[in-house]
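Results of the structural survey
The primary structure of each chain is shown beneath.
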Amino acid sequence: MTNRKIDQATGTETTGHEWDGIRELDTPMPRWWLILFYITIIWAIGYMIFYPAIPLISSNTKGTLGYSSRAELEDALKNAQSARAQQIENIRTSSLAEIKADQSLHAFALAGGKAAFKVNCVQCHGSGAEGSKGNPNLNDDDWLWGGKLEDIHQTIKHGVRFELDDDTRSSEMPAFGRDEMLTQAEIEAVADYVLSLATKPADKMGVHENSGEETAGGTDNGAQIFADNCAACHGTDGGGDRSLGAPSLNDHIWLYGGDKRTVIESIFNSRKAVMPAWTHRLDEVTIKQLALYVHSLGGGE
Amino acid sequence: MNLNSDIEQFDVQAVNNKTKLFEATGKIYPKRVEGKFRQLKWLIMFVTLGIYYITPWLRWDRGEFAPDQAVLVDLAHRRFYFFFIEIWPQEFFYVAGLLIMAGLGLFLVTSVWGRAWCGYACPQTVWVDLFLVVERAVEGDRNARIKLDKAPLDISKFLKKSIKHLIWLLIAFSTGGAWIFYFADAPTLLIDFFTLQASSIAYMTVLILTATTYLLGGFMREQVCTYMCPWPRIQAAMLDEDSLVVTYNDYRGEPRGGHQKKLADTSLPGTLELGDCIDCNKCVAVCPMGIDIRDGQQMECITCALCIDACDSVMEKTGKPTGLISYATLRDYDLAAAGKAPPRSVPILLRPRTIIYSFIWCAIGLLMLFVLANRSRLDVNVLHDRNPIAVRLADGSVRNGYTVKILNMVPQKLMARFSIEGLPGGQMRTNQQDGLVTGNGETMSFELAPDQLKVLKVFVTMPANSLPKQTQTFQFVAKIPSRGERRVTETNFITRK
């Protein structure tokens, strides 16, 4: 304190620090600033009383208001749920056709279906439901087990070839090559025939390109083999049978690929893709919403 | 002996006349003054406050699907209504244009009339004036107020102060209260507000604006102009030698003094001729900024011209010509000071700066008017699906999906015809039923809800035999037959995945 002096120009006390003859003023804080500072201190004390504040060894002080951010989140979720409760209940009690006829309920179901799809379905079917090899594209109009609302609902609910569900959709294509039901030459012949069933687009600009090379002379023989071995499920014209999940072979969509090598592979080893039954993991409302969403993608019948 | 014994002398000092580096500013007690500029300020205060309080209550019929409030900022529904104009959020550039025009207008006014905005039209000036009217009515004029502040607190002082603050708070409350009526239907909100039915944001807004009006108008006053507002700095930089500013004509007034005889009687060598300024300090006493205009142009001066009124009244009493303090340009002041021209207070309207400002101002205004007159009240946005880009169907045809947004910006139910052009063979459909009236593959008719956005999912399918070899550009055409509106939106059809 001995160094303290009064600055002549301002009349303010100095701190006693001096650099090259320049002395530091000890200007007092403005009063408004001090008042604000004291208010923040009072505020902090109040905060510590009302809110969780001081960490203890295994816990913390809870505050008299009993606030916690987790409880706040739970409240928000509960509120969201209760706000949706009426529509959820309507979906539960209505048939798929009834939901589709009700504009606002349908819009609600589509939004829910879209969200559920992103969580549960995109892993196989892709984020745009565009599918991939062995996983059907859900946007198109080619359905293995049917594209009506009820069909889609059934497929999602009980899955395909899912052993744990008794109601699962089930069918089994023989492995014609591996089980030595057809010879290599016969398989090649029938593959040629199958590839000839689909009329290729004039410009060959397919999304799933059919690039198979036709083998001359093989088709007649192939037709006979097809009629004997394949037509029972895939139909005499190769149109498929949805009750058996037998894909149509005369359209432009190939689930595994439309080139000859892939078709031969399918005939030789058979194809047995599995889709899980979702009834064990999702509630009925979500499954209904999913069915409506998939149906709305453009291929629904 | 005092020559001008009927002229009151004021014991007052300019607030910015400081010798210390820092000193707390004293309280300013502006004295009441009469004169032509005071009259003008009363008129402007009346008009601006009138506009502010009355505007939300004007009605404008827009039919049953839009509010009938003439000026309404409907934040909840993202609409702005201004008499016959309705603006959607994407048309906010009109507001930006208006703000640019306001800025340029301020430049123009400043280059000709100096800080006329600050002195006459700025809300801070207008409300401080209003608060001062109340202060004078309750506590009396300058001297009475100074006396009252110095007096110890007794019942009379307490009553006066209470009444003043009560009226101030009432004004502040009605100021903050009027603001919210611009954002909701005014009559409904008024009833809701006083029956405690209004939204909490309305009460918060009124509370905050009441507090700021009370503080800024009642307590901070000139401090706002000097320390908080950026305009004084900007406007000061925009003045030039042809801008009118409030000027003390010192060549006429100096040396100042009220005791001509006495000075003349002293033993100074020769005779000291005093100027017209009798140093009564009235110009300082009336100044709401508390400055002395005789110190020259200052950053604090808001050019409210009350010192002109004050000085003119004194000049009339002393029998001297008015205009010792007057509006003058620096150029005219220099000429008059050098004796080359009589003093004058004439705005210099025509010079390159003002012409350029006016030209840009008019150009923006005309451009906006043109755009406004020709704007479409129908808008269509088309967004191609990103995933999947294209879907191959069983028969070999390819389908593309689009999200189409149709904006019906008219508060009427409209029928829209929607078609595709430039894509021979393309078939269009939607899986949405709401509002769909007809749809046959090439055209769809939709009912559009008034003043709303409609979102459609549209599928376009090209048959296998007419698939375009590469990405094909085509148009979605939306028509409103009843209004003759047509909107073409270009998009792509993509064949390959």
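Every chain is numbered independently, its residues counted from 1 as its sequence is written. As they are written, the chains are lettered A onward and the ligands numbered 1 onward, keeping that order. Confidence filtering applies because this is a predicted model: local features only for residues at pLDDT of at least 70, side-chain atom pairs given and counted only at 80 or more, and all residues used for totals across whole chains, interfaces and linings.

**Thoughts on the overall build of chain A**
Along its length, chain A carries 11 helices and two strands. The secondary structure listing takes helices from DSSP runs of H or I that are at least 4 residues long and strands from runs of E that are at least 2 residues long, numbered from the N terminus. Taken from N to C terminus, the helices and strands of chain A fall in the order β-β-α-α-α-α-α-α-α-α-α-α-α. Judged by the C-alpha coordinates and their principal axes, chain A covers about 115 × 55 × 40 Å. Sorting the 301 residues of chain A into buried and exposed places 29% on the buried side. To assign burial, the other C-beta atoms lying within 10 Å of each residue's own C-beta are counted, with C-beta atoms placed from the backbone; 20 or more indicates buried, 12 or fewer indicates exposed, and intermediate counts indicate partly exposed.

**Some details on the overall build of chain B**
The helix and strand inventory of chain B stands at 16 helices and 15 strands. This radius of gyration counts C-alpha atoms alone. The globule rule is 2.2 Å times how many residues there are, raised to the power 0.38. In summary, chain B has a C-alpha radius of gyration of 33 Å against a globular reference of 23 Å for 497 residues, an excess of more than 25%. Taking the principal axes of its C-alpha atoms as reference, chain B extends roughly 120 × 60 × 40 Å. Counting all 497 residues of chain B, 29% fall into the buried class. Placing a C-beta atom from the backbone of each residue, one calls two residues in contact when those atoms lie within 7 Å. Pairs at least 24 apart in sequence give 70% of the contacts found in chain B among residues at least 6 apart.

**Quick word on unusual backbone geometry**
As a rule of thumb, non-glycine residues mostly have phi less than zero, and peptide bonds are mostly trans rather than cis. Residue and element names in this part refer to chain B. Of the consecutive residues E254 and P255, the connecting peptide bond is found in the cis state with omega at -10°. Mapped onto the elements, P255 comes out in the loop between α11 (250–253) and α12 (260–265). Going from N387 to P388, the amide bond is cis rather than trans, its omega being 0°. Residue position: P388 is located in the loop between β6 (378–384) and β7 (391–392). Non-glycine residue D279 carries a positive phi angle of around 55°. By secondary structure assignment, the location of D279 is in the loop between α12 and α13 (282–286). Classification of D279 by C-beta neighbours within 10 Å gives partly exposed; the count is 18. Positive phi outside glycine occurs at N281, with the angle close to 70°. As for its placement among the helices and strands, N281 is situated in the loop between α12 and α13.

**Looking at the sheet that holds strand β15 (residues 485–493) of chain B**
Residue and element names in this part refer to chain B. In short, DSSP must find at least two bridges between two strands for them to pair. The antiparallel open sheet is built from five strands, whose spatial order is β11-β12-β9-β14-β15. Among the strands making up the open sheet, the edge pair consists of β11 (436–439) and β15. Strand-to-strand twist of the sheet, defined as the mean angle between neighbouring strand axes without regard to direction, takes the value 20°. Axis geometry follows a simple rule: fit a line to the C-alpha atoms, using only the stretch in contact for helices, then measure angles between N-to-C directions, giving values from 0 to 180 degrees.

**Observations concerning the pairing of strand β1 (residues 14–19) of chain A**
All names here are of chain A. Where burial is concerned, little of β1 is hidden: zero out of the six residues are buried. Alignment of β1 against strand β2 (residues 22–25), held across three bridges, turns out to be antiparallel. Directly across from T14, in β2, lies its bridge partner L25. Counting the residues that bridge the hairpin from β1 to β2 gives two residues, and of these D20 lies at a positive phi of roughly 45°.

**As for the nonpolar core**
Residue and element names in this part refer to chain B. Only buried Ala, Val, Leu, Ile, Met, Phe, Trp, Tyr and Cys residues enter a nonpolar core, and they are joined through C-beta atoms within 7 Å. By size, the foremost hydrophobic cluster in this structure holds 51 residues, and its most contacted members are C283, L306, C307 and I325. In terms of residues, this core owes the most to one element, helix α14 (residues 306–318), which gives six residues. Segment limits for the domains were obtained from an automatic or database-derived domain assignment. Two domains each put at least three residues into this core: domain 1 (1–25 + 239–344) and domain 2 (36–238). In contact with C283, other than residues within four places in its own chain, are I293, R294, C307, A310, C311 and I325.

**Let's talk about the domain arrangement of chain A**
Parsing chain A into structural domains produces domain 1 (1–67), domain 2 (71–156 + 276–296) and domain 3 (173–269). Distance from the C-alpha centre of domain 1 of chain A to the C-alpha centre of domain 2 of chain A: 59 Å.

**Observations regarding the packing of helix α2 (residues 93–113) of chain B against helix α16 (residues 352–374) of chain B**
All names here are of chain B. Between α2 and α16, whose axes approach to 9 Å, the crossing angle comes to 160°. It follows that α2 is roughly antiparallel to α16 by the angle criterion. The two elements α2 and α16 cross, and the hand of that crossing is left-handed. Here Y94, G97, I100, M101, L104, G105, F107, L108, S111 and V112 of α2 come into contact with α16, specifically with R353, T354, Y357, S358, I360, W361, I364, G365, M368 and L372. Classification used: nonpolar for Ala, Val, Leu, Ile, Met, Phe, Trp, Tyr, Cys and Pro, charged for Asp, Glu, Lys and Arg, polar for all others including Gly. Across the contact of α2 with α16, the residue classes break down as 13 nonpolar, six polar and one charged. Any angle that falls under 35 degrees is termed roughly parallel, while one over 145 is termed roughly antiparallel, one within 65 to 115 roughly perpendicular, and all others oblique. Crossings are sorted by hand: turned counterclockwise from the far helix by less than a right angle, the near helix makes the crossing left-handed, and turned clockwise it makes it right-handed.

**Some points on the environment of D6 of chain B**
All names here are of chain B. Within the secondary structure layout, D6 lies in the segment before α1 (36–54). Since 7 C-beta atoms lie within 10 Å of it, D6 is described here as exposed. Taking the C-alpha atoms as reference, D6 lies 8.3 Å from K317; in sequence the two are 311 residues apart.

**Quick look at α14 of chain B**
Three- or four-residue spacings in an α-helix give side chains the same orientation, since the helix completes a turn every 3.6 residues. Residues and elements named next belong to chain B. Under the convention used throughout, the expected extent of a helix is 1.5 Å for every residue step, that is, one less than its residue count. With 13 residues, α14 extends 19 Å between its outermost C-alpha atoms, agreeing within 8% with the 18 Å of an ideal straight helix rising 1.5 Å per residue. Buried residues of α14: L306, C307, I308, D309, A310, C311, D312 and V314, and no others. Those residues of α14 that are buried are in contact with α1, β4 (245–248), α13 and β5 (325–328). G319 lies just past α14 and shows a positive phi near 80°.

**A word on the environment of I208 of chain B**
Within the secondary structure, I208 of chain B is located in helix α8 (residues 200–220). Each C-alpha atom, one on I208 of chain B and one on F173 of chain B, is 9.6 Å from the other, the two residues being 35 residues apart in sequence.

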